[in-house]
Every structure is written in C-alpha cells, then in structure tokens.
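One-letter residues, chain by chain:
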Amino acid sequence: MTKRIFASMAAALLAATALASCGSSDSSSSTGSTSSNSSTAASDESSSESAEVDGDAAAEAIANRTETAHLVLNWFTWSGSPAGVSRIQDAMNELTVPALNIEVEMQVTDYASRSQSLTLQLSGGEQLDILYSSGLGLTKAAQNDYVLDLEEDNLIQTYGQDIIDTMGWDNINTSRVNGVLYGTPTQHDLAQGRYAIAARTDILKEAEAFMDLTPDYDSDVWYVDGGLDDICTIIKALHDAEPNMNAYMSGIGTYWTSVDNLGGNVYGVLENWGKDTTEVVNYFETDTYKDMVNRMYDLNQYGCISPDAMTDTTANTAQVQAGTLISYVSNVKPGSRIQETTNCGTEMTMIQGGPDYTNSTQIGGFCWMIGYNTADPVAAMQYLNFMYESAEWNNLFMWGVDGVDNVESDDGTVTFTESSDYTHSMQWLAPAEFKAHVQTGNPANLWEMYDDFNKNATISDASGFTFDTANVATQYTAVDNVYSQYQKAIEYGFSDPETSIDEMNNAMMTAGLQDIIDEKQAQLDAWLALKNN
C-alpha cells in the first residue's frame, strides 16, 4: 500500500498549497480535462519533447527481446468465453510477434464471476499482464495495489505514444486515482442517453391503441418530450397491449435520476447532472431518488414488473428472446437500435426522454490496466500501445477474421457470419473502436456520430474524479451491506416508498453513510482545488 499512501499524502499536500505547477495546460478542454497533480503537466510536456527519444527506446526494447514475451490479457463477456477465441488469439499473435516479439494469451471471463476471479488471481500472484477494469473497478484495483502506476519510470511516455496520440491527455487523465495514473480509457461512446428504454417494436405498435403518443419508428431514437412521464406512459401501454408478458425490466443504477454517482457509487452524489459541485448530498434524501422509486412502485403496482425481478438474473436481451419481456432500461447512443435488435433477435425501438450525459466515471472508470504481477511491464505497455495503434488488432477483437467471422457489406460495414464461433457484443471494450469496422445496419459514418455524441453531451463538472474509500473502508462495507438488503425491493417497486426509503436511509446512516459523504466531500474539494489552479 506504500505507493497509494504516498500518492494520497502528495495529493493532500498539493491541495493545501495549490501549487501553480498544477495549472491546466493549453491542451485542456471543458470535455474532460481532469488534471489531478503536477504529473499531468509533466506528462504533456514530456510526451511532445521526447517522442523521438521514446521511439528509439521502444525500438531498443523490441530489439533486446531475444525471446518472445508471453503475456496474459483478460477481458469479459456477459456469457463467458466465445468458442473461437483461441483462433482470434493466434491471428493477433501473427501481428504482434513480428512487430513486437510478444505473444498474448486471451483470458475471457464471465462477468457474473469476474470480480471474484480477478481478485483471486491478483491477490494470489497469478500472472495477469493486461486487464479491463470492469468487474473489479479502477479505484479498487488501485487501492489494493493490483495494478501498476503507468507513469512510473515514464512507462506510458516512453512506450505508449500511440495511446497518447489516440486518446489525448484530457481523457487519459480521467483514469487517475489520487493523482496516480492506473489506466488508459478507451475510444468509444463516452456518454449515455438518459431516461431511456428499449422496447419490442411489434408490441409497441400494439400499444399505440393504449396511449396518446405517436412513436417514431423511422429514426434511430424516438425522443419523447415528456421525459419520465412519457416513458412510464409507454411502459404501461406495453403492459395493456400484452398483459401476459413482463412489460419492463429496470436496472440497478441512477439511469432514471439526474445525479452523478460521484466516483462510481451512490454513497454521496452530485445533483443537477454534476453541474453543482459545491455539495455532495445524500442520494437517498434527494427528490430525484424518491421520484424514481415512486415511479417504479407505480409501475409495479400496475403489473408491469415481473414478480421474479428481484431474483431473476437472466439477461434482459435473453428474456426478450424468450418472449417473456417487452422492454428494459437502456443507455442510448448512436447505433443502439441495431445493437439491441441484434442482441434481442427482434426489432427494437429506442426511446429516450432525457439528455445525453457523461458522469464522473464514464470516461476514466472504464479502462485497460497493467497488472502489478505482470511478467514484463515494458512488454505489457508495448502490447497495450499496439492495441491502440493497430486497426487490424481492433478489427480482430471486435469482429474476428475478415471473411470467416464477419462479412463486409458494400458500404464497408461488417456483421458476424452465421457460422462464426467468435460472436460477442463487447465491441465497446476495444481500445480504438474508431479504427475498426462499423456494424452493418448502422451508418457507415457511425464513428463520426460517436465523436459528435461525446462532444455534445452534458458532462459532469466532476468528470475524472475518483473516490478513495481507504479512510472509510469499515463504514463503506457496512453501508454497502445495508443497501444490498433493501435496494432491489425498493428500486424495483416491491416496497412502499412511504416507509421503505426512510427505513433504509436510517439504517445506512447508522452504518456510517454520513462519514462516507463527508470523506467524499473532502476529496472532491481537494480535487477541484487542484483542477482549478
């Protein structure tokens, strides 16, 4: 823990003295400049001044690699490892062995067991060179010293120039914890369309008879003017049209609220889409939480929610495929319609009532990291850099082998073949998605649409803030245990909000919720002081 503790002390000292060296550089922007300490400015300067030297150092590292380095790369799907992953792994090695003298072993886990399996691997010292953050979390990985500081010995500056060129420091800096860089965010949709659902188009057409709204079936997204009022009206109409099916499946999260789940959890949030950074508030006392819960209770009482919603872990898309579910919560983005239609096996309509939004962890919290027990940090960084540089690698990761796993349309877009044994829906994990093929059914210029989507979204003023729970670890565990006891019953609408919210909130406050909120406030104030100087 020494490095983390030192970093925390350094961050506190910098906050107290407001050093001028932490001022934002000319490259910072309102869409994601999250400089957390003086290493940010140093990174900006060193990356431009030493590019030629770094290139020589990178070439020298490859030349000195007398034996092929073997790395383990870990990512996940919702349903385990695709059968053909070893074949794709071999194709990737055909790229990287000649270029870097590095081969990779692909390790694909099921998301449901990912947190436990990663913790066992990393705490047990098992080789794990490159891993994606989801399922473990950037902050948890950093707090437990499971991952490397990517700037130690100028690792990313020397061997990761293509990462820097692809993502830019404004985005890269959002993957810092206490000022230390532990991850590299990916090039994908960096916002979420809020107050949104995906609904079966055929049943939505039946539901028109039960509502005074006219669906837009021609556009990629049907935007409704009445926000959550209209969304709930639609869900009830879906139930009226097909009362023997489950009309809606929600998700655990802040999708139907206007808060920023600051630092990746709801134990202290920012209101007004993160545009008010003056006060970290108790989520469970906010009007937006109470409104969301009351809406879910109303939908449940109306008969829209499955009685098994609290215990059924079947994926929403699988429930649609099975003919038991009509609609579910969704984060809309360009291309969502074809994505959800493909996943569900039936035409889906995307419906959105809120803004496109980027919260504090949307960019940096989803990232690739290098495990502390990597066999070779330089080789790991060079391979990670190749993942951002190579269009061929990204196409293999997303779509498999051209002509075998995917077929190309006349417009250059691709789709998986029926015979492919590598099909998955995790294209968004690719480090440089914009360098790869677009999925057939989407506009050929989808990546340009993503770029506009990212730039035009409402962005939290706390984008890039991470929360270190070390000082409130005991309270965090206790509060989390309380929340897990109540959450589904309340947020799926099975408990009367009039009594259950207060009961849960009181239990969480007794467990130490206010201590967590106060600690998060202190860390946010220090982070903002560094960012704004």
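Each chain carries its own residue numbering, running from 1 in the direction its sequence is written. Two thresholds apply to this predicted model, a pLDDT of at least 70 for residue-level local features and 80 or more for giving and counting side-chain atom pairs, whereas whole-chain, interface and lining totals are computed over all residues. For side-chain calculations, the full set of non-hydrogen atoms in the structure is used, while hydrogens and water are omitted.

## Some words on the overall build of the protein chain
Secondary structure assignment for the protein chain yields 19 helices and 17 strands. To sort residues, take the accessible area from a 1.4 Å probe on protein chains only and compare it with the maximum for the residue type: under 20% means buried, over 50% means exposed, and anything in between is partly exposed. The proportion of buried residues among the 533 residues of the protein chain is 57%. For the protein chain, contacts bridging at least 24 residues in sequence account for 78% of all contacts bridging at least 6. Accessible surface, the protein chain: about 21000 Å² in total, of which carbon and sulfur atoms supply 47%. Secondary structure elements follow DSSP: runs of H or I no shorter than four residues count as helices, runs of E no shorter than two count as strands, and numbering proceeds from the N terminus. A contact between two residues is defined here by any heavy atoms of the two lying within 4.5 Å. All accessible areas in this document rest on Shrake-Rupley with a 1.4 Å probe, and a residue is counted as covered only by the protein chains that are shown.

## Examining the nonpolar core
With 77 residues, the main nonpolar core has I234, W256 and F284 as its most contacted residues. Top element by residues in this core is helix α10 (residues 227-241). It accounts for 8 residues. Formed by 56 residues, the second largest nonpolar core is a distinct cluster that contains L73, I172, I370 and A379. For our purposes a nonpolar core is just a set of buried Ala, Val, Leu, Ile, Met, Phe, Trp, Tyr and Cys residues, chained together by side-chain atoms within 4.5 Å.

## With respect to the packing of helix α17 (residues 473-491) against helix α18 (residues 497-511)
With their axes 8 Å apart at the nearest point, α17 and α18 run at an angle of 170° to one another. Considered as vectors, α17 and α18 are oriented roughly antiparallel to each other. Contact residues: Q475, A478, V479, V482, Y483, Y486 and I490 in α17; S500, I501, E503, M504, A507, M508 and A511 in α18. Residues are grouped as follows: Ala, Val, Leu, Ile, Met, Phe, Trp, Tyr, Cys and Pro are nonpolar; Asp, Glu, Lys and Arg are charged; all remaining types, including Gly, are polar. For the contact of α17 with α18, the class distribution of residues is 11 nonpolar, 2 polar and 1 charged. Think of each axis as a best-fit line through the C-alpha atoms, taken over the contacting stretch in the case of a helix, with angles from 0 to 180 degrees between the N-to-C directions. In what follows, roughly perpendicular refers to angles from 65 to 115 degrees, roughly parallel to angles under 35, roughly antiparallel to angles over 145, and oblique to any angle outside these ranges.

## Structural notes on the pattern of salt bridges
The working definition used for a salt bridge is a side-chain nitrogen of Lys or Arg within 4 Å of a carboxyl oxygen of Asp or Glu. Overall, the coordinates contain 11 salt bridges when judged by the stated rule. Close ionic contact of D405 with R87 constitutes a salt bridge, the shortest N to O distance being 2.7 Å. With D405 in the loop between α15 (391-399) and β15 (406-408) and R87 in helix α4 (residues 85-100), this pair connects stretches of sequence that are 318 residues apart. Under the relative-accessibility criterion, D405 is labelled buried at 0%. With a relative accessible area of 29%, R87 lands in the partly exposed category. Ionic pairing is found between D421 and R87, a salt bridge with its closest N-O pair at 2.6 Å. Remark: R87 occurs in helix α4 and D421 occurs in the loop between β16 (414-416) and α16 (446-456); sequence separation between them is 334 residues. Look at D421 and you get partly exposed, because its relative accessible area is 35%.

## A few points about the packing of aromatic side chains
Only Phe, Tyr and Trp rings take part, Trp by its six-membered ring, and two of them pair if their centres are within 6.5 Å. Stacked means planes under 30 degrees apart, edge-to-face means over 60, and tilted covers everything else. Tallied over the entire structure, the rule returns 24 aromatic pairs. Ring geometry for F284 and Y289: centres 5.2 Å apart, planes at 85°, overall edge-to-face. Using a relative accessible area of 1% as the deciding quantity, one classes F284 as buried. Among the aromatic residues, ring-to-ring pairing joins F76, W78, Y111, Y132, W368 and W428 into one connected group. Only lysine NZ and arginine CZ atoms are considered, and such an atom sits over a ring when it is within 6 Å of the ring centre and within 35 degrees of the ring normal. One cation-aromatic arrangement involves K205 over Y217; the distance from NZ or CZ to the ring centre is 5.3 Å. The cationic tip of K236 hangs over the ring face of Y302; the distance from NZ or CZ to the ring centre is 5.1 Å.

## Looking at α17
For α17, which comprises 19 residues, the first-to-last C-alpha distance of 25 Å matches the rise-based estimate of 27 Å (1.5 Å per residue) to within 8%. The largest bend along α17 reaches roughly 35° and is located at Q485. Looking at α17, one finds that the buried residues are V479, V482, Y483, Y486, Q487, A489, I490 and E491. Where α17 ends, the next residue or the one after it, G493, has phi of about 85°, a positive value. Any helix carries an expected span of 1.5 Å times its number of residues minus one. At every residue, the bend is computed as the angle between two fitted axes, covering the seven residues ending there and the seven beginning there respectively.

## Overview of the confidence of the model for the protein chain
Should the pLDDT be low somewhere, the predicted coordinates at that spot are not to be read in detail. Overall, the prediction assigns the protein chain a mean pLDDT of 89, with 90% of residues at 70 or greater. Predicted confidence is poor over residues 1-50, with pLDDT under 50, and the contacts of this stretch with residues over four places away or in other chains come to 81 contacts. Confidence of the predictor at the level of single residues is given by pLDDT, which spans 0 to 100.

## What to know about the sheet that holds strand β7 (residues 192-193)
Pairing between the strands of a sheet comes from backbone hydrogen bonds, and it takes one of two forms, parallel or antiparallel. When DSSP finds two or more bridges between a pair of strands, those strands are recorded as paired. Across the sheet, 3 strands lie side by side as β7-β13-β17; this open sheet has mixed pairing. Either end of the sheet is taken by a strand with one partner, and the two such strands are β7 and β17 (458-459). Two elements, β7 and strand β13 (residues 356-358), share 2 bridges in a ladder whose sense is antiparallel. Across the sheet, residue Q192 finds its bridge partner in β13, namely Y357.

## Quick notes on the side chain of D129
By the secondary structure assignment, D129 is in the loop between α5 (114-123) and β3 (130-132). By the counting rule applied here, Lys and Arg register as positive and Asp and Glu as negative, while His and the ends of each chain are not counted. Buried and unpaired, D129 has no salt bridge, with R65 as the nearest side chain of opposite charge at 11 Å. A distance of 2.6 Å separates a polar atom in the side chain of D129 from a polar atom in the side chain of T374. Ignoring sequence-local partners within four residues, the contact set of D129 consists of H70, L71, V72, M369, I370, G371, T374, A375, D376 and A380. N or O atoms closer than or at 3.5 Å make up a polar contact, with two conditions inside protein: a donor-capable atom paired with an acceptor-capable one, and, for residues adjacent in sequence, both atoms drawn from side chains.

## Quick word on the environment of T358
Within the element layout of this structure, T358 appears in strand β13. Taking the C-alpha atoms as reference points, T358 and G193, separated by 165 residues in sequence, lie 9.1 Å from one another. Excluding its chain neighbours within four sequence positions, the residues that come into contact with T358 are L190, A191, I363, A457, T458, I459 and S460. Polar contacts involving the side chain of T358 include one to the main-chain carbonyl oxygen of L190, which spans 2.6 Å.

## A word on a negative patch on the surface
What makes a patch is a set of residues exposed beyond 30% relative accessible area and free of salt bridges, joined within 9 Å when like-charged and within 5 Å when nonpolar (Val, Leu, Ile, Met, Phe, Trp, Tyr). Each charge is placed at NZ for Lys, CZ for Arg, CG for Asp and CD for Glu. Side chains of E271, D276, E279 and D287 sit close together on the surface and give a patch of like negative charge. Tracing the chain through its elements places E279 in the loop between β10 (246-249) and α11 (287-302).

## Considerations on the pairing of strand β2 (residues 102-110)
The pairing of strand β1 (residues 69-77) with β2 spans 9 bridges and is parallel. The partner of F76 across the bridge, within β2, is T109. Regarding the hand of the β-α-β motif, the stretch spanning β1, α4 and β2 is right-handed. Handedness rule for crossovers: strands pointing away from the viewer, path from the first strand over the helix to the second running clockwise, crossover right-handed.

## Quick word on the sheet that holds strand β14 (residues 367-370)
Spatial strand order, β2-β1-β3-β14-β6: 5 strands in an open sheet with mixed pairing. Since the sheet does not close on itself, it has two edges, and those belong to β2 and β6 (184-185), each with one partner. Along the sheet, α5 makes contact with β1, β2 and β3, crossing β1 at roughly 160°.

## A look at the state of the cysteines
Any two cysteine sulfur atoms within 2.5 Å of one another count as a disulfide. Throughout the structure, instances matching the rule amount to 0 disulfides. For C304, which is in no disulfide, the shortest distance to another cysteine sulfur is to C232 and amounts to 8.6 Å. Of the residues examined, C304 reaches a relative accessible area of 0% and is grouped as buried.

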